[in-house]
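Each chain, written out:
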Amino acid sequence: MVDSSTTITLPGLEDGRRADEPCTIVIFGASGDLTARKLIPALYHLYTEGQMPESFRVIGVARREKTDESWRAEMRAGVETYSRTHQVDDAQRDAFAANFEYHPGDLTDADTYVALAKRLAGLGDPCLVNNLVFYLAISPSLFGEVVDQLHTAGLLHRMGEDDEHWQRVVVEKPFGHNLQSAHVLNNHLLRHVRERQIFRIDHYLGKETVQNIMMFRFSNAIFEQLWNREAIEHVQITVSEDIGVGGRGGYFEEAGTLRDMTQNHLLQILSLVAMEPPPSLAAEDIRNEKVKLLKSIRPMTPEAVATNVVRGQYFAGTVNGDSREGYRQEERVNPESNVETYTALKLFIDNWRWSGVPFYLRTGKNLPLRASEVRVQFRPTPNVLFAAQGHLDLHANALTLRLQPDEGIFLRFNGKVPGNSIETRPVRMHFGYDAEFGAYTPEAYERLLLEAMAGDATLFIRRDEVETAWQIVDAIREGWGGMPLSNREFYAAGTWGPVAADDLLEPDGHKWHNPKPAER
Ligand code: BG6
């Protein structure tokens, strides 16, 4: 059999594999966790796979005093500890780290930027000096300030159509904490740059399997034809985590899962699962469809919030044999906190394709398992034939897109149990990424950094997208209106969430399908 694969080249990545133009990546928040754990290992992998430009520099900016050499040593250690490959080649790693420089400075001090401009000018090559990715891995309260300062120091310009060089700003989440703050932040950033220069991160969009949702839907006739209210009864999207809030209690008290996960990751998955086919793979065409989908979600009135949204909070329990304390006992958490560590929603999408089909979205901390999946539940067949034989409980077909871990796709259908009786049993067809493509699965940040260097915004969130998502979430928060959690909204760590979440599906005659450890 001939193994044929089709490569789709994304705009901006001429050969689909490499960021071509030399550039400098300036990371604000260079001493932070994200830089060591995600950004540097991602850049390292891009480097070893020949996807970095011929020539590049990485300048880390943070308050702490360090030399170039000590930062390089830290980054080498970061590669060693967090790289997804087990064998790191010493020579390659050292050659990679030689491109790194450290720039100490206070981000609120204009001198930091004047000195940064000088340092950049010293790089010589006009592309390294002027093609700049500013990565804001810092507290959101500083986003506006850093962009102002970069502009004042002459490092960041509103780009014209014919500019030879480019500057881009990559903004980590959270992007605002409600519609109002996101709107203010957007206006602030757009004072100095154009929308096409802003790359708002949702790292779920960098995940291979999340990107595959669109490919799967629009390149397979057998599924796309059924992708509508006629054939689909409901859809479940689950993003479960087996960790608690850890040391992030302070942040979580402000965020809760609704802001931390639902506003971004879950609504992004939903929009890819449910959007209409875009006219092309161009960033704007795809993002237009995602926004249209988000805008078609039925508004959450206070009555709808009361019946269609459930919060939860974990109390002490055991996750995989490991005992966990309750959320209220975590560091920097109010002992009487009503902040949610779990959210479940029932949404309706009021458009032609999805009218009347419920979409159930849930996410939570300290659940039994780390797993993200989309389960598409098809409608049952008319049960006339088998009913006559006394087999009344035929299972309807279901398609599961397992996004992580054990990435794959499973289709459940009914098969005849071999033998003389007419007995059916649900069986599954399974596609596993690792079995098909080997263990190579790039980390989300590899793809995102590559796209930011190449200037393709497809995998980043556009202004209207982030604001529409906040609108949905704000209406839910308003509906909660500061009400304390009820008894049915608490769950023991290590269980699948509060009883109230089961109540949410019960009136529709549906049940949550909990992901299994390794669906093989
Ligand atoms: C982040 C959230 O955006 O996503 C975290 O802030 C969460 O609370 C994380 O743990 C989950 O990401 P992943 O890639 O591990 O599923």
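Notes on the structure in this doc start here. (Residues numbered from 1 in each chain as written. Predicted model: local features only at pLDDT ≥ 70, side-chain atom pairs only at ≥ 80, totals over all residues. Heavy atoms only, no water.)

1. Brief notes about helix H6 (residues 143-152)
Here is step 1 of the chain: Listed in full, the buried residues belonging to H6 are Phe 143, Gly 144, Val 146, Val 147, Gln 149 and Leu 150.
Here is step 2 of the chain: Buried-residue contacts for H6 involve strand S1 (23-28), helix H4 (110-121), strand S4 (132-136), strand S5 (167-171) and helix H7 (179-189).
Here is step 3 of the chain: Count one or two residues on from H6 and you reach Gly 154, which has phi positive near 80°. (Buried < 20%, exposed > 50% of the residue type's maximum accessible area, 1.4 Å probe, protein only. Helix = DSSP H or I, 4+ residues; strand = E, 2+ residues; numbered from the N terminus. Contact = heavy atoms within 4.5 Å.)

2. Quick notes on the packing of aromatic side chains
Here is step 1 of the chain: Counted by the stated rule, this structure contains 22 aromatic pairs.
Here is step 2 of the chain: Ring geometry for Phe 199 versus Phe 460: centroids 5.0 Å apart, planes at 80°, classification edge-to-face. Placement of Phe 199 in strand S6 (residues 198-200) and of Phe 460 in the loop between helix H14 (444-454) and helix H15 (463-480) is noted, with a sequence separation of 261 residues between them. Residue Phe 199 shares its accessibility class with Phe 460, and that shared class is buried. (Phe/Tyr/Trp six-rings, centres within 6.5 Å; stacked < 30°, edge-to-face > 60°.)

3. Examining unusual backbone geometry
Here is step 1 of the chain: The omega torsion of the bond from Lys 173 to Pro 174 falls at 0°, within 30 degrees of zero and hence cis.
Here is step 2 of the chain: By the secondary structure assignment, Pro 174 is in the loop between S5 and H7.
Here is step 3 of the chain: In this chain, Gln 404 is followed by Pro 405 through a cis amide linkage whose omega measures -25°.
Here is step 4 of the chain: The backbone phi angle of Asn 366 is positive, close to 55°, even though this residue is not glycine.
Here is step 5 of the chain: Along the polypeptide, Asn 366 turns up in the loop between strand S12 (358-364) and strand S13 (371-378).
Here is step 6 of the chain: Its relative accessible area of 1% is what places Asn 366 among the buried residues.
Here is step 7 of the chain: Positive phi, normally seen in glycine, also occurs at Asp 406, with a value near 50°.
Here is step 8 of the chain: You can see Asp 406 is positioned in the loop between strand S14 (398-404) and strand S15 (408-416).
Here is step 9 of the chain: For Asp 406, a relative accessible area of 24% gives the class partly exposed.

4. Considering the site of the ligand
Here is step 1 of the chain: Every residue close to the ligand is listed here: Lys 173, His 203, Tyr 204, Lys 207, Glu 241, Arg 248, Asp 260, Met 261, His 265, Lys 365, Arg 370 and Gln 404.
Here is step 2 of the chain: In this structure, an oxygen atom belonging to the ligand sits 2.7 Å away from a side-chain N or O atom of His 265.
Here is step 3 of the chain: Between the ligand and Lys 365 there is a distance of 2.7 Å, counted from an oxygen atom to a side-chain nitrogen or oxygen.
Here is step 4 of the chain: Within the complex, 81% of the 400 Å² of free accessible area of the ligand lies under protein.
Here is step 5 of the chain: The element that contributes the greatest number of residues to the shell around the ligand is helix H10 (residues 249-274), accounting for three residues.
Here is step 6 of the chain: Of the residues assigned to the shell around the ligand, the class counts are two nonpolar, three polar and seven charged. (Near = heavy atom within 4 Å. Polar contact = N/O pair within 3.5 Å; in protein donor to acceptor, adjacent residues only side chain to side chain. Areas by Shrake-Rupley, 256 points an atom, 1.4 Å probe, with all protein chains shown as cover. Nonpolar A, V, L, I, M, F, W, Y, C, P; charged D, E, K, R; others polar.)

5. Re the side chain of Thr 112
Here is step 1 of the chain: Counting through the fold element by element, Thr 112 comes out in helix H4.
Here is step 2 of the chain: Note on Thr 112: relative accessible area 7%, which makes it buried.
Here is step 3 of the chain: When neighbours within four sequence positions are excluded, Thr 112 is seen to be in contact with Val 61, His 103, Gly 105 and Asp 106.

6. What about the packing of helix H8 (residues 208-218) against H10?
Here is step 1 of the chain: Packing of H8 against H10 brings their axes to within 9 Å, and their N-to-C directions diverge by 15°. On the basis of the axis angle, H8 is roughly parallel to H10. Where H8 crosses over H10, the two elements pack in a sense that is right-handed. On H10, the residues touching Val 210, Ile 213, Met 214 and Arg 217 of H8 are Ile 269, Leu 272, Val 273 and Ala 274.
Here is step 2 of the chain: When its residues are assigned to classes, the contact of H8 with H10 shows seven nonpolar, no polar and one charged. (Axes fitted to C-alpha atoms, helices over the stretch in contact; angles between N-to-C directions. Parallel < 35°, antiparallel > 145°, perpendicular 65-115°, else oblique. Left-handed = near helix turned anticlockwise from the far one by under 90°.)

7. Points about the pattern of salt bridges
Here is step 1 of the chain: Under the criterion given, the structure shown has 38 salt bridges.
Here is step 2 of the chain: One salt-bridge network, in which partners are shared between bridges, spans Glu 69, Arg 72, Arg 76, Glu 80, Asp 90, Arg 93 and Asp 94. (Salt bridge = Lys/Arg side-chain N within 4 Å of Asp/Glu carboxyl O.)

8. Quick notes on the sheet that holds S4
Here is step 1 of the chain: The parallel open sheet is built from six strands, whose spatial order is S3-S2-S1-S4-S5-S6. Here the strands that pair on one side only, and so sit at the sheet edges, are strand S3 (100-104) and S6. Direction aside, neighbouring strands of the sheet carry axes that sit 20° apart on average.
Here is step 2 of the chain: Taken together, the six bridges between S1 and strand S2 (residues 56-62) define a ladder with parallel strand orientation. Bridge pairing links Ile 27 to Gly 60 in S2.
Here is step 3 of the chain: Relative to S4, H6 is tilted by about 155°, and along the sheet it contacts S1, S4 and S5. (Pairing = 2+ DSSP bridges.)

9. Describing the nonpolar core
Here is step 1 of the chain: Phe 28, Leu 43, Leu 270, Phe 359 and Leu 399 are the most contacted members of the largest nonpolar core, which has 124 residues in total.
Here is step 2 of the chain: Here this core gets nine residues from one element, more than from any other, and that element is H10.
Here is step 3 of the chain: Membership of the second largest hydrophobic core comes to 19 residues, among which are Val 319, Tyr 342, Tyr 360 and Ala 501. (Core = buried A, V, L, I, M, F, W, Y, C linked by side-chain atoms within 4.5 Å.)

10. Quick look at helix H2 (residues 68-82)
Here is step 1 of the chain: An ideal rise of 1.5 Å per residue puts 21 Å on 15 residues; H2 measures up with 21 Å between its terminal C-alpha atoms.
Here is step 2 of the chain: Turning to H2, the residues buried within the fold contact helix H1 (33-48), S2, helix H3 (90-97) and S3. (Expected span 1.5 Å × (residues − 1).)

Taken by themselves, the reported measurements are silent on function.
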